[in-house]
Amino acid sequence: MRFPFKVRDDIPLYLAPMAGVSESPFRRLCRRFGADVVVTEFLSAEGIRRENAATLDKLRFGGDERPIGVQIFGADPAAMGDAARLVTDVFEPEFIDINFGCPVKKVVRRNGGSGCLKDLSLVESVIRSVSGSTHLPVTVKIRSGWSEETRLPVEIALRCQDAGAKALALHPRTRTQMYSGSARWEEIAAVAGALDIPVIGNGDIKTAEDAVRMQRETGCAAIMIARGSFGQPWIFDQTRALLEGKPKPEAPKIERRFEIALEHAHMAEEYEADPRGAAIEFRKHLGWYVKGVPGSAELRRKLHAVVSLSEVEDVFASYLANPHRYDDAHIAAAISDESAGLESAPAAA
Ligand SMILES: Cc1cc2nc3c(=O)[nH]c(=O)nc-3n(C[C@H](O)[C@H](O)[C@H](O)COP(=O)(O)O)c2cc1C
């Protein structure tokens, strides 16, 4: 299946667009760990066309992130066209992606994101307007429909293709479902079978094994991973190995995991103007990086209080010097020693 931009043809791996997560530092990191394509978080067409400073700031990306798609959302075809023109002229990504999947109230209230799925002629007008405003390929990301009653992934996908979409990513849940239930991978298979353009499968990939299973079960042309990349960007390398029939590389050991987290944190600090804000914003990533390490509850509690990178370094160093201190059993014993001490303390103390 041919992709509308230069990328490997044998099942490219996408880092999904994710507000507050798929920002430049994480995109760069994931590219290094084997993601073949990255997409920005969704950006408001109105914000772009009005040259809102905060929106334009999120459009910054480095050459090492390419191929990259800029994702835009909005329900006004003219505004979407204007935004596409500006993005093309100023930032020149490899493609422009239209968000027809966002379920957030603030967005769908104005018919943006998955709100567009209530009116498929609006979906077509938006795609036509964006395609007519750029020489870049235009791709779309959809859900399976607005609600169970209007769950028509194949029809929606065909109309996107007819309107000019050059690739389509499907997250097979409805807007009403938000993130509940399971992604229905059989809908990815149905859409992949019906379309001539590449279909990118997305939804509920937590491990490299899941990614390979989705591809085998659906025949999708590419795999898109969102939450499964949290704190484990190496999921892309692991997926590639399994796709090639090679053994899965082991997840990095704790020391290496901390190094990667710190490297990511330094990239985030360099990217953001305000180092304190960057450290606070970065706490969520830290929580994800330490998930599953022994004593992670205590470690996470400490990391969720940091306001600078040097504090993160200190927390990691103290953990590595004394990992057993974070042990749940050790903490429980320390607490019970303390309370025993209190109980036996002299009344005058
Ligand atoms: C924190 C977060 C932010 C997201 N932001 C976006 C976004 O900006 N644009 C978009 O198309 N999808 C967005 N999504 C949806 C994901 O791209 C993806 O479709 C969804 O999480 C299902 O994939 P997963 O099961 O691999 O997480 C977001 C998801 C999460 C968890």
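Note that the structure is predicted; figures quoted are calculated from it, not measured.

Novice: Is there a simple way to think about the pattern of salt bridges in this case?
Specialist: If charged atoms from side chains of opposite charge come close, those side chains can pair. Applying the stated criterion across every chain, the model contains 31 salt bridges. Among the salt bridges present, the one from arginine 213 reaches glutamate 217, with a minimum N-O distance of 3.6 Å. Pair noted here: arginine 213 and glutamate 217 are both in helix 9 (residues 208-218), with a separation of four residues, about one helical turn. Each member of the salt-bridge network shares a partner with another, and the members are Glu46, Arg49, Arg50, Asp82 and Arg85.

Novice: What is the right way to read helix 8 (residues 185-194) from this model?
Specialist: Each full turn of the α-helix corresponds to 3.6 residues, which orients residues three or four apart in the same direction. If you check which residues of helix 8 are buried, you get Trp185, Glu187, Ile188, Val191 and Ala192. On an axial view of helix 8, the arc spanned by its buried residues comes to 150°, and they lie on one face. In this structure, helix 8 carries Glu186 and Gly193 as exposed residues pointing more than 90 degrees from its buried face. Buried residues along helix 8 sit in contact with strand 6 (138-145), helix 7 (153-163), strand 7 (168-174), strand 8 (199-202) and helix 9.

Novice: In this structure, what is going on with the side chain of lysine 141? I would like to understand it.
Specialist: Structurally, lysine 141 is set in strand 6. Within the buried set, lysine 141 has no salt-bridge partner at all; the shortest N-O distance to an opposite charge, 6.8 Å, is to aspartate 97. Apart from residues no more than four positions distant in its own chain, lysine 141 is found in contact with Pro17, Gln71, Asp97, Ile98, Asn99, Phe100, Gly101, Ala169, Asn202 and Met224.

Novice: I keep staring at unusual backbone geometry and nothing clicks. Help me out?
Specialist: Outside of glycine, negative phi angles account for most residues, and trans bonds account for most peptide bonds. A cis geometry characterises the amide bond from arginine 66 onward to proline 67, with omega recorded as 0°. Along the chain, proline 67 turns up in the loop between helix 3 (53-57) and strand 4 (68-73). With a phi angle near 55°, isoleucine 11 is a residue other than glycine that sits in the positive phi range. Within the fold, isoleucine 11 resides in the segment before strand 1 (13-15).

Novice: It is not clear to me how empty space enclosed by the protein should be interpreted in this structure. Could you clarify?
Specialist: Any empty space left between the atoms is revealed when a probe the size of a water molecule rolls over them. A full pass over the atoms with the stated rule returns two cavities of 30 Å³ or more. If you add up the space inside the largest cavity, you get close to 110 Å³. Only helix 1 (24-32), helix 11 (254-271) and helix 12 (275-289) provide two or more residues apiece to the lining of the largest cavity. No other element matches helix 12, which puts five residues into the lining of the largest cavity. A per-class count over the lining of the largest cavity returns six nonpolar, two polar and four charged. Within this model, the second largest cavity holds a volume of roughly 40 Å³. Tyr14, Val39, Phe95, Asp97, Thr139, Val140, Lys141, Ala169, Ile200 and Met224 together form the lining of the second largest cavity. Contributions of two or more residues to the lining of the second largest cavity are made by strand 5 (95-100) and strand 6. Per element, the largest residue contribution to the lining of the second largest cavity is three residues, and it comes from strand 6.

Rules and cut-offs
Residues numbered from 1 in each chain as written. Predicted model: local features only at pLDDT ≥ 70, side-chain atom pairs only at ≥ 80, totals over all residues. Heavy atoms only, no water. Salt bridge = Lys/Arg side-chain N within 4 Å of Asp/Glu carboxyl O. Helix = DSSP H or I, 4+ residues; strand = E, 2+ residues; numbered from the N terminus. Buried < 20%, exposed > 50% of the residue type's maximum accessible area, 1.4 Å probe, protein only. Arc of directions from axis to C-beta. Contact = heavy atoms within 4.5 Å. Lys, Arg positive; Asp, Glu negative; His and termini not counted. 1 Å grid on protein atoms, 1.4 Å probe; cavity = no way out; pocket = protein on both sides within 12 Å on 5 of 7 lines; lining within 4 Å. Points joined across faces, edges and corners; volume = space filled by probe spheres on them. Nonpolar A, V, L, I, M, F, W, Y, C, P; charged D, E, K, R; others polar.

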